[in-house]
Amino acid sequence: MDTIDDKTKIPMLEPYTVKQTVSALSETTDYNHQMLGIPEMWKRTKGRGVKVVVLDTGCPRHIDIKVAGYKNFSGSTDAFDHNGHNTHVAGIIAALENGIGVKGIAPECELYCGKVLGDDGSGSIEAIAAGIYWAVDEVHADVINMSLGCPPSGANSRTLRRACQYAHEKGVVLCCAAGNDAGAVNAPANLPTTVAVAAVDRNRDKAYFTCHGKEVDFAAGGV
């Protein structure tokens, strides 16, 4: 079994790609919105008043994404997303309802981004933990999203466990990718304080690449 320490580089997890052609002056949703009943949810809320922190590859600079605040923990030269992964993930969550591109799950939420992964898409447990504490203590987040992961043994890291436990005790929901290597659920998704999300296709069948196990709490469109 792989061993993980606090300085081990943790890779990002590729998000799914929305396979639709979108014109510059139109807006679309993908099959995941319908599968999860998001249009019905929008009748009650579009996320207004909810603070969501994405811990990933940096702050997006994109016309369809509004960021309320950001901070760099990665050691990179700046806090912005030169990789594209954070921009993609943030768009899935919070792309604006503005008639262009796609529409996020919660387009009215208050979005913050912590750069815990460098421009090459990897980072350390120390950086991830620092991002979690920032999200809890400074942003006062309601939700933290981490589309990243490391081998299951990463759950043995005291630094990671303490940070996730701290956020959980403060009432923050930590949503984590189960993993994309078709094996056991990655850390930190396999911790009892986090919500592990696996991937299904448009037929609700398990994606061939998704990690699986008793730790999985939910599945969502990811193909």
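Residues numbered from 1 in each chain as written. Predicted model: local features only at pLDDT ≥ 70, side-chain atom pairs only at ≥ 80, totals over all residues. Heavy atoms only, no water.

### Examining the state of the cysteines
A covalent bond between the sulfur atoms of two cysteines is what we call a disulfide.
Logical step 1: Inspection of the entire model under this criterion finds zero disulfides.
Logical step 2: Free cysteine: Cys 164, not disulfide-bonded; nearest cysteine sulfur from Cys 176 at 6.1 Å.
Logical step 3: Residue Cys 164 is classed as buried on the basis of its relative accessible area, which comes to 0%. (Disulfide = S-S within 2.5 Å. Buried < 20%, exposed > 50% of the residue type's maximum accessible area, 1.4 Å probe, protein only.)

### Thoughts on the pattern of salt bridges
One side chain can pair with another of opposite charge once the charged atoms of both are near each other.
Logical step 1: Scanning the model with the defined rule gives seven salt bridges in all.
Logical step 2: The residue Glu 138 makes a salt bridge to Lys 71 at a minimum N-O spacing of 3.6 Å. Placement of Glu 138 in helix 4 (residues 125–139) and of Lys 71 in strand 3 (residues 69–72) is noted, with a sequence separation of 67 residues between them.
Logical step 3: Glu 138 gets classed as exposed once you look at its relative accessible area, which sits at 51%.
Logical step 4: Assessed through its relative accessible area of 34%, Lys 71 is described here as partly exposed.
Logical step 5: For Asp 78, the salt bridge goes to Lys 115, with nearest N and O atoms at 3.9 Å. (Salt bridge = Lys/Arg side-chain N within 4 Å of Asp/Glu carboxyl O. Helix = DSSP H or I, 4+ residues; strand = E, 2+ residues; numbered from the N terminus.)

### Considering helix 4
Logical step 1: Between its first and last C-alpha atoms helix 4 spans 20 Å; for 15 residues at 1.5 Å apiece the expected length is 21 Å, and the two agree.
Logical step 2: Residues Ile 125, Ala 127, Ile 128, Ala 129, Gly 131, Ile 132, Trp 134, Ala 135, Val 136 and Val 139 constitute the buried set of helix 4.
Logical step 3: Two residues or fewer past helix 4, His 140 is found with a positive phi of approximately 60°. (Expected span 1.5 Å × (residues − 1).)

### Points about the nonpolar core
Logical step 1: Of all hydrophobic cores here, the largest spans 36 residues; its most connected members are Val 53, Val 116, Ile 132, Ile 144 and Met 146.
Logical step 2: Contacts of Ile 132, omitting those with residues within four sequence positions, involve Leu 55, Ile 144, Met 146, Ala 163, Cys 164, Ala 167 and Leu 174.
Logical step 3: Core analysis: the second largest hydrophobic core is formed by eleven residues, Val 89, Ala 90, Cys 109 and Leu 111 among them. (Core = buried A, V, L, I, M, F, W, Y, C linked by side-chain atoms within 4.5 Å. Contact = heavy atoms within 4.5 Å.)

### Quick word on the packing of aromatic side chains
Logical step 1: On inspection of all chains with the given rule, the structure shows four aromatic pairs.
Logical step 2: Note on Tyr 133 and Tyr 166: the rings are 5.3 Å apart at their centroids and 55° apart in plane angle, and the pair reads as tilted. Taken together, the residues span a long stretch of sequence, with Tyr 133 in helix 4 and Tyr 166 in helix 5 (residues 158–169) at a distance of 33 residues.
Logical step 3: Its relative accessible area of 25% is what places Tyr 166 among the partly exposed residues.
Logical step 4: Over the ring of Phe 80 we find Arg 61, and its NZ or CZ is 4.2 Å from the ring centre.
Logical step 5: Between Lys 103 and the ring centre of Trp 42, over which it is positioned, the NZ or CZ distance is 3.8 Å. (Phe/Tyr/Trp six-rings, centres within 6.5 Å; stacked < 30°, edge-to-face > 60°. Lys NZ or Arg CZ within 6 Å of the ring centre and 35° of its normal.)

### A short note on the environment of Ala 184
Logical step 1: Structurally, Ala 184 can be placed in the loop between strand 7 (173–177) and strand 8 (195–200).
Logical step 2: Given a relative accessible area of 45%, Ala 184 falls into the partly exposed group.
Logical step 3: Counting along the chain gives 32 residues from Ala 184 to Val 216, while the straight-line C-alpha distance between them is 9.9 Å.

From the geometry alone we can't say anything about function, so treat these as descriptive.
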